[in-house]
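Coordinate inspection notes
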Amino acid sequence: MRRIAADNQQLLAAIARNEITTEDVVALSYRKKQLAVFERLLSDSDYFDECVHQHGKGPESLWQRYLEKNHWILGYSLSLINFGALDDRKLEQTVRGHDIDSPGKRVDALLRSRAALTTSAFVELKHHRTDLVAPDKYRSGIWAPSKELSGAVAQVQGTVAAAVERWGAAVRVTDSDGEPSGETIYTTEPRSFVICGRLNEFEGEHGVNERKFASFERFRRNLLRPEVVTFDELYERARMIVAANDSSEKRV
């Protein structure tokens, strides 16, 4: 060991400076593999169909399961704020139970920020084949958002409203036995997201249908909440994160 240390002083010094651990190396390797799965789910139709068939619960549920295994994609890719799942809990959560005068509300992913004060974010998941705009023009040169996208927007807006009504300005987290965890999540004006579709929907044989794309962009850019993110945009953000981590490790 002394001989190894003597022969690798610069490497050991770099590792010490950057605090790179075995866990970091394993995490990066895992994320690279999962990023490859993400890309294949997006680009290989046969593979996606096979996975949906094996899962047996539909395309949205497949993406739900994939993101349950990869919280880091939502946590780092949706926002500059570092969001993550609630400790030891699934992404999908009930924010209001069914009662006699109102339906229950579930959210596909309930996230919390990691900062001095913890805030919340709500995510509604569709799938990458979901249309972003309606197939037919609403007026000349104008396409309305698809029924699925507008429905997802309304769904997450209703879920956020129900959560805020129930929780007020903050919710104190408890474990499955009802014991307080000591964590408080602040719910004042929570952020929300819809993950839906792919931008290549606007690409035709001879290029991009700019009017159709502009209709979609105007719709989502003028939404205050939720923010609409496509699956290919989510993938590119995740790819950038993995590439940045890989570059940091190689510099060591």
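Analysis parameters
- Residues numbered from 1 in each chain as written.
- Predicted model: local features only at pLDDT ≥ 70, side-chain atom pairs only at ≥ 80, totals over all residues.
- Heavy atoms only, no water.
- Helix = DSSP H or I, 4+ residues; strand = E, 2+ residues; numbered from the N terminus.
- Buried < 20%, exposed > 50% of the residue type's maximum accessible area, 1.4 Å probe, protein only.
- Contact = heavy atoms within 4.5 Å.
- Areas by Shrake-Rupley, 256 points an atom, 1.4 Å probe, with all protein chains shown as cover.
- pLDDT = per-residue confidence, 0-100.
- Core = buried A, V, L, I, M, F, W, Y, C linked by side-chain atoms within 4.5 Å.
- Phe/Tyr/Trp six-rings, centres within 6.5 Å; stacked < 30°, edge-to-face > 60°.
- Lys NZ or Arg CZ within 6 Å of the ring centre and 35° of its normal.
- Salt bridge = Lys/Arg side-chain N within 4 Å of Asp/Glu carboxyl O.

What the protein contains, in helices and strands, is nine helices and ten strands. Going through the 252 residues of the protein one by one, you find that 40% of them count as buried. For the protein, the proportion of contacts with a sequence separation of at least 24, taken over those separated by at least 6, is 65%. Accessible surface, the protein: about 15,000 Å² in total, of which carbon and sulfur atoms supply 50%.

In this section: the confidence of the model for the protein. A low pLDDT means the predicted coordinates there should not be read in detail. Mean pLDDT for the protein: 81, with 74% of residues reaching 70 or above. The weakest mean pLDDT in the protein belongs to strand 2 (residues 93-96) at 53; the strongest belongs to helix 8 (residues 210-221) at 96. Scored below 50 in pLDDT, residues 96-104 shows twelve contacts in the model against residues more than four places distant or in partner chains.

Looking now at the nonpolar core. Among the nonpolar cores identified, the biggest contains 29 residues, and F38, L41, W63 and I73 are the most heavily contacted of them. Contributions of two or more residues to this core are made by helix 3 (22-43), helix 4 (45-55), helix 5 (59-69), helix 6 (71-77), strand 4 (109-113), strand 5 (118-125), strand 7 (180-195) and helix 9 (231-251). Sequence-distant contacts of L41, defined by excluding residues within four places in its chain, comprise Y47, F48, C51, L62, W63, Y66 and H128. With 21 residues, the next largest nonpolar core counts F122, A152, V160 and V228 among its residues.

Taken as a whole and judged by the stated rule, the model has nine aromatic pairs. Judged by centre distance (5.4 Å) and plane angle (80°), the rings of F38 and Y235 are edge-to-face. A residue pair is termed long-range when its members are at least 10 positions apart, and F38 in helix 3 and Y235 in helix 9 qualify at 197 residues. Assigned by exposure class, F38 and Y235 land together as buried. With a centroid separation of 5.9 Å and an interplanar angle of 90°, the aromatic rings of W63 and Y66 are classed as edge-to-face. Here W63 pairs with Y66, and both are found in helix 5, just three residues apart, close to one helical turn. Judged by relative accessible area, which is 1%, W63 ranks as buried. Among the aromatic side chains, those forming a connected cluster through ring pairs are F38, F48, W63, Y66, F231 and Y235. Seen from the ring of Y47, R40 lies directly overhead, with NZ or CZ sitting 3.9 Å from the centre. The ring of Y138 carries R139 above its face, with NZ or CZ at 4.7 Å from the centroid.

Scanning all chains against the criterion turns up nine salt bridges. We note a salt bridge from D49 to R129, for which the minimum N-O separation is 2.7 Å. Here the residue D49 occupies a position in helix 4, and R129 occupies one in the loop between strand 5 and helix 7 (147-167), the gap between them amounting to 80 residues. For R129, a relative accessible area of 38% translates into the label partly exposed. Here R220 ties to E233 by a salt bridge, and the two come within 2.8 Å at their closest N and O atoms. Residue R220 is found in helix 8, and its partner E233 is found in helix 9; the two are separated by 13 residues along the sequence.

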